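What the coordinates show
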Amino acid sequence: MKVYAPDGAVGSPTAALAPSVPVLTGKRIGILDNTKPNAGALLERLAQRLVSRTGAVLGLVETKNAALAAPDEVIARLQSEVDLVLTGSAD
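Figured I'd write up the structure that's included with this text. Within any chain, residue numbers begin from 1 and follow the written order of that chain's sequence. In view of the model being predicted, local features appear only for residues whose pLDDT reaches at least 70, and side-chain atom pairs are presented and counted only at 80 or more, with totals across whole chains, interfaces and linings using the full set of residues. Each side-chain value is worked out from all heavy atoms of the structure, with water and hydrogens disregarded.

1. Remarks on the environment of Leu-32
Relative to the assigned elements, Leu-32 resides in strand 1 (residues 28-33). Leu-32 sits twelve residues away from Glu-44 along the chain, and the two C-alpha atoms are 9.9 Å apart. The contact rule is simple, with two residues in contact once any of their heavy atoms fall within 4.5 Å. Among all residues touching Leu-32, those that are not within four sequence positions of it are Leu-43, Glu-62, Lys-64, Ala-70, Val-74, Leu-78, Val-85, Leu-86, Thr-87 and Gly-88. A helix here means a DSSP run of H or I that spans at least four residues, while a strand means a run of E at least two residues long, and both kinds are numbered starting from the N terminus.

Structure below.
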């Protein structure tokens, strides 16, 4: 019988989270819809709630295929046109 030890080199995280936006008033919200069922509706509704509660503005809605990373053009457009992005939906 072989027993494998789960020890080894531990890597450091490859990326850090972006800092949170402290106040949403006047900020432009973007949506990155992954086209999964109801993802767009969920993100749109969340964005509209944030707009009505905080004074933010819905600035841009982009879509991408859930199976692939967002194209560089989409990421660049989001970076230049909005202050924060809502994304993410699972099955």
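Having seen it, we continue.
2. As for unusual backbone geometry
Residue Thr-35 is not a glycine yet carries a positive backbone phi of 65°. Position of Thr-35 among the secondary structure elements: in the loop between strand 1 and helix 1 (39-54). Phi is positive for Asn-38, close to 70°, though the residue is something other than glycine. With respect to the element layout, Asn-38 can be found in the loop between strand 1 and helix 1. Between buried and exposed lies partly exposed: a residue is buried under 20% and exposed over 50% of the maximum accessible area for its type, with that area taken using a 1.4 Å probe on protein chains only. For Asn-38, a relative accessible area of 63% corresponds to the exposed category.

3. Details of the sheet that holds strand 3 (residues 84-87)
Sheet strands line up and pair through hydrogen bonds in the backbone, either parallel or antiparallel. Two strands make a pair as long as DSSP finds a minimum of two bridges between them. As summarised here, the arrangement of the three strands in space is 2-1-3, forming an open sheet in which the pairing is parallel. Of all the strands in the sheet, the pair left with one neighbour each is strand 2 (57-63) and strand 3. For this sheet, the mean angle separating the axes of adjacent strands, direction not counted, is 25°. As paired strands, strand 1 and strand 2 are joined by six bridges and run parallel to one another. Considered in strand 2, the bridge of Asp-33 is made with Thr-63. What counts as an axis is a line fitted to C-alpha atoms, over the stretch in contact for a helix, and the angles between N-to-C directions run from 0 to 180 degrees. The sheet strands contacting helix 1 are strand 1, strand 2 and strand 3, and the helix crosses strand 1 at an angle near 170°.

4. Considerations on the pattern of salt bridges
Just to be clear on terms, a salt bridge is a Lys or Arg side-chain nitrogen sitting within 4 Å of an Asp or Glu carboxyl oxygen. Applying the stated rule across the entire model yields three salt bridges. Ionic pairing is found between Arg-28 and Asp-83, a salt bridge with its closest N-O pair at 3.3 Å. On the criterion of sequence distance, the pair formed by Arg-28 in strand 1 and Asp-83 in the loop between helix 2 (72-81) and strand 3 is long-range, its members being 55 residues apart. The partner of Arg-77 in a salt bridge is Glu-81, with the nearest N and O atoms 3.1 Å apart. Here Arg-77 pairs with Glu-81, and both are found in helix 2, just four residues apart, close to one helical turn. Overall, Arg-77 belongs to the partly exposed group, its relative accessible area being 37%. Residue class for Glu-81 comes out partly exposed when judged on its relative accessible area of 31%. Among the ionic contacts, a cluster of salt bridges with common partners joins Glu-62, Arg-77 and Glu-81.

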